[in-house]
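Residue-level structure breakdown
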Amino acid sequence: MKHIVCASCGATNRVEQARLLEAPVCGKCGEEIMAAKPMPISEAAFAKFVAKTEVPVLVEFWAAWCGPCRMMAPQFEQAAKLLPEVRLIKVDSDAAPQLSQQLAIRSIPSLVLFKDGREIARQAGVMPAAELATWVRSQLGR
Ligand code: ZN
């Protein structure tokens, strides 16, 4: 069993490992909890999501005014399709000043990879989807 936090409602779901890639849905709100697309997450919901989600989590910090972030967005979307076993989430850094400070985000876009609730790697700047997927897999030892 793996615990997966729903990015939409924040409920913690239990999913059998073998069923992780079979489009499991949230028992509370019915949203797909392993959807192959980046999900926005609020500052308030972030800590629980990262701490309780038992698959790797890749976070993009971005902002609406940031030109490179607009270039990164479609790459990040594509990377979500390339990394079905990883949850990709997006944090609007303007709406998450405390979290950005806590994680010492100095430039955006910034990508931070978490495993078992702990940061294991980060990368700043725009990156093509395929390169990003390769970087994530290498960090996860896959
Ligand atoms: Zn839900």
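Structure: see above.
The structure displayed is predicted, hence computed values, not measured ones.

Turning to the overall build of the protein, a few remarks are in order. Of regular secondary structure, the protein possesses four helices and seven strands. Secondary structure elements of the protein occur, N-terminal to C-terminal, as β-β-β-α-β-α-β-α-β-β-α. Here the C-alpha radius of gyration of the protein, 14 Å, is about what a compact globule of 142 residues would show, namely 14 Å. Structurally, the protein occupies a C-alpha span of about 40 × 30 × 25 Å along its principal axes. The buried share of the protein, reckoned over its 142 residues, is 44%. Partitioning the intrachain contacts of the protein with sequence separation of at least 6 by distance along the chain shows that 62% fall at a separation of at least 24. Surface accessibility of the protein: about 7300 Å² in total, with carbon and sulfur atoms responsible for 51%.

To continue, consider the coordination of the zinc ion. Protein coordination of the zinc ion is provided by Cys6 (SG), Cys9 (SG), Cys26 (SG) and Cys29 (SG), with donor distances spanning 2.3 Å. Around the zinc ion, the four donor atoms sit at angles spanning 104 to 114 degrees, and that spread fits a shape best called tetrahedral. All donors to the zinc ion come from one chain, and their sequence spacing reads C-x2-C-x16-C-x2-C. On the accessibility criterion, Cys29 (36% relative accessible area) is partly exposed.

Let us now look at the environment of Leu58. Looking at the element boundaries, Leu58 is found in strand S4 (residues 57-62). On the basis of relative accessible area, Leu58 is assigned to the buried category, the value being 0%. Residues Leu58 and Val5, 53 residues apart in the sequence, show an inter-C-alpha distance of 14 Å. When residues no more than four places from it in sequence are discounted, the contact partners of Leu58 are Phe76, Val86, Arg87, Leu88, Ile89, Leu111, Val112, Leu113, Leu132, Trp135 and Val136.

As a further point, take the packing of helix H2 (residues 67-82) against helix H4 (residues 129-139). It is the contact of H2 with H4, at a shortest axis distance of 8 Å, that shows an interaxial angle of 50 degrees. When the interaxial angle is binned, H2 and H4 end up oblique. Relative to H4, the crossing made by H2 is right-handed. Of H4, the residues touching H2 (which contributes Met72, Gln75, Phe76, Gln78, Ala79 and Leu82) are Ala129, Ala130, Leu132, Ala133 and Arg137.

So, about the layout of surface pockets. By volume, the largest pocket is sized at about 170 Å³. Lining of the largest pocket is provided by Lys2, Gln17, Leu20, Leu21, Met34, Glu54, Val55, Pro56, Glu85, Lys115, Asp116 and Arg142. For the lining of the largest pocket, a count of residues per class yields five nonpolar, one polar and six charged.

On to the pattern of salt bridges. Applying the stated criterion to the full structure yields five salt bridges. The partner of Glu60 in a salt bridge is Lys90, with the nearest N and O atoms 2.9 Å apart. On the criterion of sequence distance, the pair formed by Glu60 in strand S4 and Lys90 in strand S5 (residues 87-92) is long-range, its members being 30 residues apart. A salt bridge links Arg142 to Glu85; the nearest nitrogen and oxygen atoms lie 3.6 Å apart.

Conventions used here
Residues numbered from 1 in each chain as written. Predicted model: local features only at pLDDT ≥ 70, side-chain atom pairs only at ≥ 80, totals over all residues. Heavy atoms only, no water. Helix = DSSP H or I, 4+ residues; strand = E, 2+ residues; numbered from the N terminus. Rg over C-alpha atoms; globule rule 2.2 N^0.38 Å. Buried < 20%, exposed > 50% of the residue type's maximum accessible area, 1.4 Å probe, protein only. Contact = heavy atoms within 4.5 Å. Areas by Shrake-Rupley, 256 points an atom, 1.4 Å probe, with all protein chains shown as cover. Donors = N, O, S within 2.8 Å, 3.2 Å for Na, K, Ca; no water. Tetrahedral: all angles 85-135°; square planar, octahedral: opposite > 155°, others 65-115°. Axes fitted to C-alpha atoms, helices over the stretch in contact; angles between N-to-C directions. Parallel < 35°, antiparallel > 145°, perpendicular 65-115°, else oblique. Left-handed = near helix turned anticlockwise from the far one by under 90°. 1 Å grid on protein atoms, 1.4 Å probe; cavity = no way out; pocket = protein on both sides within 12 Å on 5 of 7 lines; lining within 4 Å. Points joined across faces, edges and corners; volume = space filled by probe spheres on them. Nonpolar A, V, L, I, M, F, W, Y, C, P; charged D, E, K, R; others polar. Salt bridge = Lys/Arg side-chain N within 4 Å of Asp/Glu carboxyl O.

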